[in-house]
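Fold and geometry: a report
One-letter residues, chain by chain:
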Amino acid sequence: MIRFNFPYETGNEIKYIEQAIKAGRLSGDGQFTKKCHRWFEERYGFQKALLTTSCTDALEMSALLLDIGPGDEVIVPSYTFVSTANAFVLRGAKIVFADSEASNPNLDVQKIEELITPKTKVVVPMHYAGVACDMDALTILAERYNLYLVEDAAQAIESFYKGRPLGGLGHLAAFSFHETKNVVAGEGGLLVINRERFSKRAEIVREKGTNRSAFFRGEVDKYGWVDIGSSYLPSELNAAFLYAQLEQIEYIEEQRIKHWLRYKELLGPLAEKGRIKLPFIPSYATVNGHMFYILARTGAERDELLKFLKANGIGAVFHYLSLHKSKYFRDKHDGRELPFADYYTEHLIRLPLYVSLEAEQIEYICSKIYDFFKNR
Ligand SMILES: *Cc1c(COP(=O)(O)O)cnc(C)c1O
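Sequence order as written defines residue numbering, which begins from 1 separately in each chain. It should be noted that, the model being predicted, local features are given only for residues of pLDDT at least 70 and side-chain atom pairs only at 80 or more, the latter also being counted only at that level, while totals for whole chains, interfaces and linings use all residues. To obtain the side-chain values, all non-hydrogen atoms of the structure were included, while hydrogens and water were left out.

1. Quick notes on the site of the ligand
Near the ligand, the surroundings consist of 13 residues, among which T56, D152, Q155, S176 and K181 are the closest. Whenever two N or O atoms come within 3.5 Å, that pair is a polar contact, provided that in protein one can donate a hydrogen and the other can accept it, and provided that, for residues adjacent in sequence, both atoms are side-chain atoms. Between Q155 and the ligand, the recorded distance is 2.8 Å, taken from a side-chain N or O atom to an oxygen atom. Look at the ligand: alone it shows 380 Å² of surface, and the protein chains cover 93% of it. Under this grouping Gly is polar, as are all residues other than the nonpolar Ala, Val, Leu, Ile, Met, Phe, Trp, Tyr, Cys and Pro and the charged Asp, Glu, Lys and Arg. For the shell around the ligand, the per-class residue count stands at five nonpolar, six polar and two charged. Proximity is defined per residue: any heavy atom of the residue falling within 4 Å of a molecule or strand makes that residue near it. Computed with a 1.4 Å probe, the accessible areas rest on the Shrake-Rupley method; for each residue, only the protein chains presented here act as cover.

Next comes the structure, spelled out in structure tokens:
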């Protein structure tokens, strides 16, 4: 069986976890957390980086920092992970779902303007497969209508928009280090703060509503309850694991991109014959090797191909189910058709992609896809 995912191990994780234990500091914001923060701030020029226990938590912190509440509207793609929407639903916001582009699963920026009302407060672009949304067009809209942009950059580490790092383009951004992502901490995430005015409050919200971070820096002489908040700090054990991964980002990316390109090369002829479609990468975006997906001609063919691959020991999987049609949301949706979100729900297949995937395994997977289309 070729697994769909297998988390990469750099070899330094245990060593760093041991150092964290020996340092006698296991809760959050110790030396490894600080190293991770600095790493993100230096490598990508983020104004401030704060590790969180998950990307979901970073998104929830965003909703708190932007004071989202009942009466506010938040525009979110329908084709995304539940947390992109849920973080704002938890604050009582009304979610307005946007459709995907015809050419790729990212939200269709051309169709955002018609969704904006005087109540709209935030747009949440999610960079699917680490491929950038059209951030300049979104930024123009955000400025015109006074909206916040929160990037769901869960899949987008080490990817760029017109040369600028994803996660650095919205007011706030959220990354994930879940074991299925390019760089992992088991479970973990990062909130990126790209506007100084959110920095202080972000520390407070992350520390259960207390000014403990300022206290540890010696800025106040006692700490107490100053705002709402929750427990969003990961432990040093997670940060130590993550730091080992970050140190090897270049190797991880090189391997993942190599696999991505190999899939593209091997499946290219099948796409040229019109049997499948390959990912479309806009000229402003880059590939970070997070995911390789293909699109089947019909939903029925997609399901058959998945079954065929599974029968041949290949852990290929479908992905999101349109959120506007989910059990939780369908009664709340305004009834608009979102045909491209549905299209990706029904046609998309993700193929195995991780550092330790071998060249022969990719060749085998592609040969099985060719076998499936032999008489079609
Ligand atoms: C993985 C993922 C998340 C959730 O990340 P967690 O760290 O598991 O909370 C959110 N949004 C997108 C787009 C994701 O891919």
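Next comes the rest of the write-up.
2. Some thoughts on the pattern of salt bridges
When a carboxyl oxygen of Asp or Glu lies within 4 Å of a side-chain nitrogen of Lys or Arg, that pair is called a salt bridge. In this structure the tally under the stated criterion is 27 salt bridges. Ionic pairing is found between D342 and K325, a salt bridge with its closest N-O pair at 2.8 Å. One end of the pair, D342, is in helix 11 (residues 339-347); the other, K325, is in the loop between helix 10 (299-311) and helix 11, with 17 residues separating them in the sequence. For D342, a relative accessible area of 10% gives the class buried. Residue burial is assigned from relative accessible area. The probe radius is 1.4 Å, only protein chains are included, and a residue is buried under 20% of its type maximum, exposed over 50%, and partly exposed in between. Take K325: its relative accessible area is 46%, and that puts it in the partly exposed class. With its nearest N and O atoms 3.1 Å apart, the salt bridge here joins R336 to D334. Judged by its relative accessible area of 27%, R336 falls in the partly exposed class. Connected through salt bridges with shared partners, the residues K48, E203, R217 and E219 form a single ionic network. Secondary structure elements follow DSSP: runs of H or I no shorter than four residues count as helices, runs of E no shorter than two count as strands, and numbering proceeds from the N terminus.

3. Topic: the packing of aromatic side chains
Any two aromatic rings considered together are summarised by their centre-to-centre distance and by the angle between their planes. Geometry of aromatic contacts follows a simple scheme: Phe, Tyr and Trp rings, the Trp one being its six-membered ring, pair when their centres are within 6.5 Å, and the pair is stacked under 30 degrees between planes, edge-to-face over 60, tilted otherwise. Counted according to the given criterion, the structure contains 26 aromatic pairs. The interplanar angle of 75° and the centroid separation of 5.3 Å between the aromatic rings of Y79 and Y320 together place this pair among those described as edge-to-face. Within this pair, whereas Y79 is found in the loop between strand 2 (73-77) and helix 4 (82-89), its partner Y320 is found in the loop between helix 10 and helix 11, the two being separated by 241 residues in sequence. As far as the burial class goes, Y79 and Y320 line up, both buried. For the pair F308 and F372, a centre-to-centre distance of 5.5 Å together with 55° between the ring planes defines the contact as tilted.

4. As for helix 11
Here helix 11 has its buried residues at A341, D342, Y343, Y344, T345 and H347. Whether two residues touch is decided by their heavy atoms; if any such pair falls within 4.5 Å, the residues are in contact. The secondary structure elements touched by the buried residues of helix 11 are strand 10 (276-277), strand 11 (292-296), helix 10 and strand 12 (348-351).

5. With respect to the sheet that holds strand 11
Following DSSP output, two strands are said to pair if at least two bridges run between them. Taking strand neighbours across the sheet as the criterion, the three strands line up as 10-11-12 in an open arrangement whose pairing is antiparallel. Only two strands of the sheet have a single neighbouring strand rather than two, namely strand 10 and strand 12. Bridge count between strand 10 and strand 11: two bridges; the pairing is antiparallel. The residue of strand 11 that forms the bridge with I276 is A296. The axes are straight lines fitted to the C-alpha atoms, using for helices just the contacting stretch, and the angles between their N-to-C directions are given from 0 to 180°. Against the sheet, helix 9 (residues 249-272) touches strand 10, strand 11 and strand 12, its axis set at about 15° to strand 11. Each of strand 10, strand 11 and strand 12 is contacted by helix 11, which is oriented at about 100° to strand 11, the strand it contacts most.

6. What about the sheet that holds strand 8 (residues 172-176)?
The sheet built from seven strands is open, its strands ordered 1-9-8-5-4-2-3 with mixed pairing. For this open sheet the edge positions go to strand 1 (48-52) and strand 3 (94-98), each flanked by a neighbour on one side alone. Taken over all neighbouring pairs, the strand axes of this sheet differ in orientation by 25° on average, direction set aside. Examined bridge by bridge, strand 5 (residues 148-152) and strand 8 share three bridges and lie parallel to one another. For D152, the partnering residue across the bridge sits in strand 8 and is A174. In the packing of helix 4 onto the sheet, contacts are made with strand 2, strand 3, strand 4 (120-123) and strand 5, and the angle to strand 3 comes to roughly 155°. Across the sheet, helix 5 (residues 135-145) lies against strand 4 and strand 5, angled at about 150° from strand 5, the strand it touches most.

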